[in-house]
Structure formats: structure tokens, C-alpha cells
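Summary of the model geometry
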Amino acid sequence: MKPYLLEIKDLCLSREGRVLLNHVNLALKPGEIHVLLGLNGSGKSTLAYTIMGCSGYTPDHGQILFEGRDITGLSLSERARLGITLAWQEPARFEGIPVGKYISLGMKEPDRQRVIEALEAVALPPAQYGYRAVDKTLSGGERKRIELAAVYAMRPRLAILDEPDSGIDALSLTDIERLIRRMANEGCTILLITHRDELAEIGDSASLMCLGSIAFVGDPQETRRFYRDHCRLHPTPPEPLKLGLEPKEGQS
Ligand SMILES: Nc1ncnc2c1ncn2[C@@H]1O[C@H](COP(=O)(O)OP(=O)(O)OP(=O)(O)O)[C@@H](O)[C@H]1O
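Definitions and limits used
Residues numbered from 1 in each chain as written. Predicted model: local features only at pLDDT ≥ 70, side-chain atom pairs only at ≥ 80, totals over all residues. Near = placed C-beta within 6 Å. Helix = DSSP H or I, 4+ residues; strand = E, 2+ residues; numbered from the N terminus. pLDDT = per-residue confidence, 0-100. Expected span 1.5 Å × (residues − 1). Buried ≥ 20, exposed ≤ 12 C-beta atoms within 10 Å, placed from the backbone. Pairing = 2+ DSSP bridges. Contact = placed C-beta atoms within 7 Å. Axes fitted to C-alpha atoms, helices over the stretch in contact; angles between N-to-C directions. Core = buried A, V, L, I, M, F, W, Y, C linked by C-beta atoms within 7 Å. Domains from an automatic or database assignment.

Going by what an unreviewed UniProt entry lists, the protein chain is known as ABC transporter ATP-binding protein and is assigned to Thermanaerothrix solaris.

Concerning the site of the ligand
Of all residues adjacent to the ligand, which total 13 residues, the nearest are Arg15, Asn40, Lys44, Ser45 and Thr46. A per-element tally of the shell around the ligand places helix α1 (residues 44-52) first, with three residues.

Let's talk about the confidence of the model for the protein chain
On average, residues of the protein chain score 86 in pLDDT, and 87% of them are at 70 or above. This prediction of the complex comes with two scores: 0.86 for pTM and 0.93 for ipTM.

Some remarks on helix α6 (residues 140-154)
Taking 1.5 Å per residue as the helical rise, α6 with its 15 residues ought to reach 21 Å, and the 21 Å between its terminal C-alpha atoms agrees with that figure. In terms of residue burial, α6 counts as a mostly covered element, since 12 of its 15 residues are buried. Phi turns positive, to about 50 degrees, at arginine 155, one or two residues after α6.

What to know about the sheet that holds strand β1 (residues 6-15)
A sheet is described by the order of its strands in space; here four strands give the open sequence β2-β1-β4-β5, paired in antiparallel fashion. The sheet terminates laterally at β2 (18-28) and β5 (69-70), the two strands that pair on one side only. As defined by bridge partners, β1 adjoins strand β4 (residues 61-66) across five bridges and the pair is classed as antiparallel. Looking across to β4, one finds that isoleucine 8 is bridged to isoleucine 64. Against the sheet, α1 engages β1, β2 and β4, with an angle of about 65 degrees to β2.

Topic: the nonpolar core
Membership of the largest hydrophobic core comes to 63 residues, with the highest contact counts inside it found for Val35, Ile103, Ala149, Ala159, Ile180, Ile190 and Leu192. The dominant element in this core, judged by the number of residues it contributes, is α6, at eight residues. Two domains each put at least three residues into this core: domain 1 (1-83 + 157-232) and domain 2 (92-155). Discounting residues that sit within four places of it in the chain, leucine 192 has contacts with Ile33, His34, Val35, Leu36, Leu161, Ile180, Leu199, Ile202 and Gly203.

This is the structure:
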């Protein structure tokens, strides 16, 4: 049996008197794509920041193991050096620098060919985008793709992708799926965070987060079914607007 790359053991975290992570357990094998589903506010990003070691996300209890080593006390940069990376929910920062340069920032050695491959992997023509500035003229979807290209170029051992699908249209989702599979085939382990249950199908395994706890772990289809059956995906629509068009009494 393969040892786990990442093991989260009984992780608890509270902020301002609120329990955000409640005895979370999760284990990912090397090269596995694990999809973490959950509604808005269920604690998915909090878990991502805690695994990454972001400031202010020190757990109150529990352990994070990476290749069997306890990394709970390591800083964000120490974890990054081990090959853990987080693609932020907010797209590319570092305003103003060329896209190609932004993508090469996280690479151990600058590699122009890898930058080109990364842009192609997210379906952004390198000749068109490589020298464009990372700034407000890029659309939200383009910025998101650039963030993913940067993660791909980095060749992390563990990539935490927090809502890579947000701001991406359904057609482009296929590009994202292809990229995630490609990363896994190249040996990267992926924790894919999303609230879109159709994305669960990319995973080798999946889990459902609910109110800071892992409520279900299983194969992607089972987890997806559980999510649909137990989480309210479509809140009750508001009362239809009264436009004065209702038939008056006596009219049919
Ligand atoms: N620093 C904080 N202090 C207090 N509450 C917080 C803090 N950070 C997050 N929360 C709360 O914790 C809960 C979980 O937030 P989190 O961002 O982890 O959810 P999420 O599942 O990633 O949601 P989304 O899908 O909307 O991104 C939310 O109710 C949020 O308001």
C-alpha cells in the first residue's frame, strides 16, 4: 500500500469563538486527485489555508503530516519549499509584471519552454499573453487561468486548487479538467476545492465538508450523490415579483 503524501489528523481551528474546522481527518495518496466539495462557508478555504500554513491559521489541535513528517509547526515558506502550493481563490496578484515572468516566479530555474507549455495548457496562446501585463485589462477568467498556469509551471508535489472553476465558463472547464489530469499524470497530488458537484467526477476520491467537518468521504460519484441529496444546492427562490399582471377578480 502506498504511504500517504498528505495526512490531516483531527484538525481543529477556531476563530473569534467560532469553530471553523471541527476534528477534520483527510488522507491523500501520491498522485491522487481528491475533490473536496462543500457549500459556501463550509470551511474549505480555511482548511486550504491551514494546510498551506497561512498566517492566522494555526490549528488549535491536530496534525498535518507530509510524507509522514509533521509539518504543523512549519511556516508557509517552509511548506512551499517542500513542494506544497496553493492556487488562491483570488486570481493573479503581482500587478503590472508580464504574464510570462509571473508564471516563472515560482519555478526553481527559469525555463522559457515550461512557461510556454503552461500557457498552452490553460489554452492561452503564449505569443498573445506571454508579454501582456498582469493587470486589470485581463478578464477574471484569464487571470484565473494564469494562476493555474503558474501552479502547473511550478511542478508542485501537492497542489491545493481553491475553486479553480470560479469565473470560468462551462466550456473552459474542460481545459481546467485537462490541466488537472495532466498535473496528476506528471506526479502531482491534487486537492481540488469546489462547490460545483459536477467537478467531483475528475477526482479519484472525494469528500464533503459541512460546517467545518468532513461529513462524507467516498468515491466521487457517491460523494456527489450525497452532496446533492443532503446539501441545499438551490435555495428556495423568492416569491415571484408582483407586476400587477395577475388576473383581476372576475377575469379568468
Ligand atoms: N478569520 C475569520 N474569522 C471568523 N470567521 C471566519 C474567518 N475566516 C472565515 N471565517 C468564517 O468561516 C466559515 C468558513 O469560511 P471558508 O472561507 O473556509 O468557507 P468556504 O467553504 O471556503 O466557502 P466559499 O465556498 O464561499 O469560499 C465562514 O462562515 C466564514 O465567514
